[in-house]
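# Structural overview for review
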Amino acid sequence: MNQPGLLPAQITQFNPPTGNKAKNDSANKAKNNEGKKKNDPANKAKKKNDPANKAKNNEAKKNNDNSNKSSNNSNKSSNNLNNLENFIPELDKRYLPFWILILLANVFIIWNYIVTPIRFSEEKVEGVVTYNDLYYYLHLILLILVFLYAYGLRERFSLLIGDSTMIIGGLATILVLGIFAINIASQPPVKEDGEFKTAPKIIYKTKTKQSIIVAILLCLLLAIIGYDIYKRRNNPLGLLPYKNLKNLYGIALLLSVCVVCYLLFNSARYNISKYNLPKMWRN
């Protein structure tokens, strides 16, 4: 029906033909259906590709995690190395010869005790103590005297810059090992009683070899004294002032020289009859 007050052209404008509308709707539906059919294979292909993509992503994540772990481990190792370098003090090579002499002196003290046959003698010195006991205690005293002297110079001739604790630990270790070695080598005395007794293979039967070892030990001690005097010309061996106990460690080294001179004297006069050792020990 025509609306009142509108012209026929206006009536057709507000009321488009219903037949054309139906045709357009059916065409749009057909297009949408075709689009869905076209998109379905692509969507299915995408769904098929999803597991592969997930696997690739997982592998990439694992690789990234492994690389991060390796980089973290390398950073930790480098940090540990830096901490270790900071922990170990710097070596002062200026005083290295002094500590080498100290070490060699300890080695020759132990060596001399092991190879000398006099330590097996049951003869008594001035009727007081046997050579067996005397040599045992003299070599222990030598180790202690050298330790005391080196301990007194741990700061003046410090091998490690700014750290004397490690030097004390090293000196204590050398002293303990020396005492341990002498106690292992220590044996009861042996005397001539007419029985067949062979000499230990480790001892030196001639006084020449014995004297050489003791002479080397004496030279090492004198070299230490010379080094100390060269470095401290105003106060040789650090003996001044005498009232200060820490300045008296040089006396320990002087006493050790006296002991070694006594050992050298005995080695130079060595013979089996003097020390009442078995005749089979004769060279």
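Residues numbered from 1 in each chain as written. Predicted model: local features only at pLDDT ≥ 70, side-chain atom pairs only at ≥ 80, totals over all residues. Heavy atoms only, no water.

## Some remarks on the overall build of the protein chain
- Looking only at helices and strands, the protein chain features seven helices and two strands.
- Helices (α) and strands (β) of the protein chain occur, in sequence order from the N terminus, as α-α-α-β-β-α-α-α-α.
- Residues classed as buried in the protein chain amount to 31% of the 283 residues present.
- Contacts in the protein chain between residues far apart in sequence, at least 24 positions, make up 78% of those at least 6 positions apart.
- Accessible surface, the protein chain: about 18800 Å² in total, of which carbon and sulfur atoms supply 59%. (Helix = DSSP H or I, 4+ residues; strand = E, 2+ residues; numbered from the N terminus. Buried < 20%, exposed > 50% of the residue type's maximum accessible area, 1.4 Å probe, protein only. Contact = heavy atoms within 4.5 Å. Areas by Shrake-Rupley, 256 points an atom, 1.4 Å probe, with all protein chains shown as cover.)

## What to know about helix α6 (residues 207–231)
- The end-to-end C-alpha separation of α6 is 36 Å, in line with the 36 Å expected for 25 residues at 1.5 Å each.
- Looking at α6, one finds that the buried residues are Gln210, Ser211, Ile213, Val214, Leu217, Leu218, Leu220, Leu221, Ile224, Ile225, Tyr227 and Asp228.
- Where the residues of α6 are buried, they touch α3 (96–115), α4 (131–152) and α7 (249–268). (Expected span 1.5 Å × (residues − 1).)

## So, the nonpolar core
- If you look at the biggest cluster of nonpolar residues, it comprises 59 residues, and the most contacted ones within it are Phe98, Trp99, Ile102, Tyr149, Leu221, Ile224 and Trp281.
- Broken down by element, this core gets its largest block of residues, 13 residues, from α4.
- Each residue touching Trp99, except ones within four places of it in the same chain, is listed here: Ala150, Leu153, Arg154, Phe157, Ser158, Leu159, Ile167 and Leu171. (Core = buried A, V, L, I, M, F, W, Y, C linked by side-chain atoms within 4.5 Å.)

## What to know about the environment of Phe98
- Tracing the backbone shows Phe98 in helix α3.
- For Phe98 and Ile224, which are 126 residues apart along the polypeptide, the C-alpha to C-alpha distance reads 6.6 Å.
- If we skip the residues at most four places from it in the chain, Phe98 touches Tyr149, Leu153, Phe157, Ile224 and Tyr227.

## Regarding the confidence of the model for the protein chain
- Looking at the protein chain, pLDDT values average 76 and 62% of them are 70 or higher.
- Under a pLDDT of 50 for its full length, residues 6–18 has, in the predicted model, three contacts with residues more than four places off or in other chains. (pLDDT = per-residue confidence, 0-100.)

## Some points on the packing of α4 against helix α5 (residues 165–185)
- The geometry of α4 relative to α5 is characterised by a closest axis approach of 10 Å and an angle of 175° between their N-to-C directions. With respect to their mutual orientation, α4 and α5 come out roughly antiparallel. Contacts between α4 and α5 pair Tyr136, His139, Leu140, Leu143, Ile144, Phe147, Ala150 and Tyr151 from the former with Ile168, Leu171, Ala172, Leu175, Gly178, Ile179, Ile182 and Asn183 from the latter.
- Per-class residue counts for the contact of α4 with α5 are 13 nonpolar, three polar and no charged. (Axes fitted to C-alpha atoms, helices over the stretch in contact; angles between N-to-C directions. Parallel < 35°, antiparallel > 145°, perpendicular 65-115°, else oblique. Nonpolar A, V, L, I, M, F, W, Y, C, P; charged D, E, K, R; others polar.)

## A few points about the packing of aromatic side chains
- This model, assessed by the stated rule, comprises 11 aromatic pairs.
- Consider the rings of Phe98 and Tyr149, whose centres lie 6.1 Å apart with planes at 55°: the pair is tilted. Linking Phe98 in helix α3 with Tyr149 in helix α4, this pair joins segments that are 51 residues apart in sequence. Judged on exposure class, the residue Phe98 and its partner Tyr149 are both buried.
- Both rings, one in Phe120 and one in Trp281, keep their centres 5.3 Å apart while their planes meet at 85°; by these two values the pair is edge-to-face. Of the two residues, Phe120 sits in the loop between α3 and β1 (124–125) while Trp281 sits in the segment after α7, which places them 161 residues apart along the sequence.
- Under the relative-accessibility criterion, Trp281 is labelled buried at 2%.
- Taken together, the ring pairs in this structure connect Phe98, Trp99, Tyr149 and Tyr227 into an aromatic cluster. (Phe/Tyr/Trp six-rings, centres within 6.5 Å; stacked < 30°, edge-to-face > 60°.)

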